[in-house]
Amino acid sequence: MSHADVAPDALLRVESLHKSYGKGPKILKDVNLEFAKGEFVVILGLSGAGKSTFLRCINRLVDPSAGRVLVPQSLMRHDGESALVDVASMHERELRLWRRKVGMIFQQFNLVKRLSVLQNVLSGSLGYQPAFRSMLRQFSQADKDRALRNLERVGLLEQAYQRADTLSGGQQQRVAIARALMQEPAVILADEPVASLDPRLSVTILDILKRIAEEDGITVLVSLHVLELARRYATRLVGFQGGQVVFDGGPAELTEEAVERIYQLSYADVALVV
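Residues numbered from 1 in each chain as written. Predicted model: local features only at pLDDT ≥ 70, side-chain atom pairs only at ≥ 80, totals over all residues. Heavy atoms only, no water.

Asker: Any chance you could explain the pairing of strand E5 (residues 66-72) here in plain terms?
Answerer: Every other side chain in a regular strand lies on the same face of the sheet, so the side chains alternate between the two faces. Strand direction decides the pairing type here: strand E2 (residues 10-20) and E5, joined by four bridges, are antiparallel. Each bridged residue has a counterpart across the sheet, and for Glu-15 the counterpart in E5 is Arg-68. Note: E5 against strand E6 (residues 84-86), three bridges, orientation antiparallel. Of the residues in E6, the one forming a bridge with Val-71 is Val-85. (Pairing = 2+ DSSP bridges. Helix = DSSP H or I, 4+ residues; strand = E, 2+ residues; numbered from the N terminus.)

In structure tokens, the structure reads:
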């Protein structure tokens, strides 16, 4: 496993990241980014720009073709060194330890609809359970208490014992956030988490994610397609175009020129496609 010197405040460092499938075009091209603890980073770009692939490379749901995704070894082991280790070269056990520190939130919620809300949230702790408990879905009272606290944080304590499929879309996404919190994550990756929600519910979800980042010091990387929401919530914005990073800065720096560079359209036309 490759190691690197750790930057003082780096939680995640991406170096020369490339991704292509077979002989097809590159989805990601020489991406270099670094993220600090507690940042709320919005990823912008058209469909196909590389946003989802980039997020999935971070916890190796997708294997990079080249480059490194570096994270502190101490995140996986309490007695770990402060050196950074490359996710792309982790063996199975180390990768499993890293993945339980990365909460994933998807557009379609990915809940088990026939299970209760509480059972769905508890599944976020499976990476910390012994194998026999994971297979039988046995959870301690301490785990159940923690799951209820996380449901309270997202405003769903009263729905704990309902079936997941009785909830609205916005409520299901809040269950997904509570499930991610059960992992005690260092990073949350949210891939278009409000794309299927109306504007009012989108604000509710992003309010929760922003509060979690601030209160828990979790680094949140979220891909969004609404510029107004991106400017409102991001501490930092990263724009992808054709698999490359073409913008990296604060909300005040996201000028009309920068938007046109990300979307390859005039500023007036961007609202028609995002």
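Asker: Just to check I follow, could you spell out the layout of surface pockets for this structure?
Answerer: Rolling a probe over the atoms, with the probe sized like a water molecule, indicates the empty space that remains. Computed from the structure, the largest pocket encloses a volume of approximately 410 Å³. Along the walls of the largest pocket sit 16 residues, with Asn-59, Arg-99, Arg-100, Val-102 and Gln-183 positioned nearest its centre. Counting residues per element, the ones that place at least two in the lining of the largest pocket are helix H2 (92-99), strand E7 (102-105) and helix H6 (169-181). Looking at which element gives the most residues to the lining of the largest pocket, the answer is H2, with four residues. A breakdown of the residues in the lining of the largest pocket according to their chemical character gives six nonpolar, five polar and five charged. (1 Å grid on protein atoms, 1.4 Å probe; cavity = no way out; pocket = protein on both sides within 12 Å on 5 of 7 lines; lining within 4 Å. Points joined across faces, edges and corners; volume = space filled by probe spheres on them. Nonpolar A, V, L, I, M, F, W, Y, C, P; charged D, E, K, R; others polar.)

Asker: Whenever I open this one, the nonpolar core confuses me. Can you help?
Answerer: Phe-40, Val-42, Leu-44, Leu-151 and Leu-254 are the most contacted members of the largest nonpolar core, which has 53 residues in total. Top element by residues in this core is helix H7 (residues 199-216). It accounts for seven residues. Once residues within four sequence positions are removed from consideration, Leu-151 is found in contact with Val-117, Leu-118, Val-121, Leu-156, Leu-157, Ala-160 and Ala-178. (Core = buried A, V, L, I, M, F, W, Y, C linked by side-chain atoms within 4.5 Å. Buried < 20%, exposed > 50% of the residue type's maximum accessible area, 1.4 Å probe, protein only. Contact = heavy atoms within 4.5 Å.)

Asker: In this structure, what is going on with the pattern of salt bridges? I would like to understand it.
Answerer: Oppositely charged side chains may form a pair once their charged atoms are brought near each other. Within the structure shown, the criterion is met by 13 salt bridges. For Arg-13, the salt bridge identified is with Glu-15, shortest N-O distance 3.4 Å. Asp-191 is the partner of Arg-56 in a salt bridge, and the nearest nitrogen-oxygen pair spans 2.5 Å. Taken as a pair, Arg-56 in helix H1 (residues 51-58) and Asp-191 in strand E8 (residues 187-191) lie far apart in primary sequence, 135 residues in all. Residues joined in a network through salt bridges with shared partners are Arg-13, Glu-15, Glu-34 and Arg-68. (Salt bridge = Lys/Arg side-chain N within 4 Å of Asp/Glu carboxyl O.)

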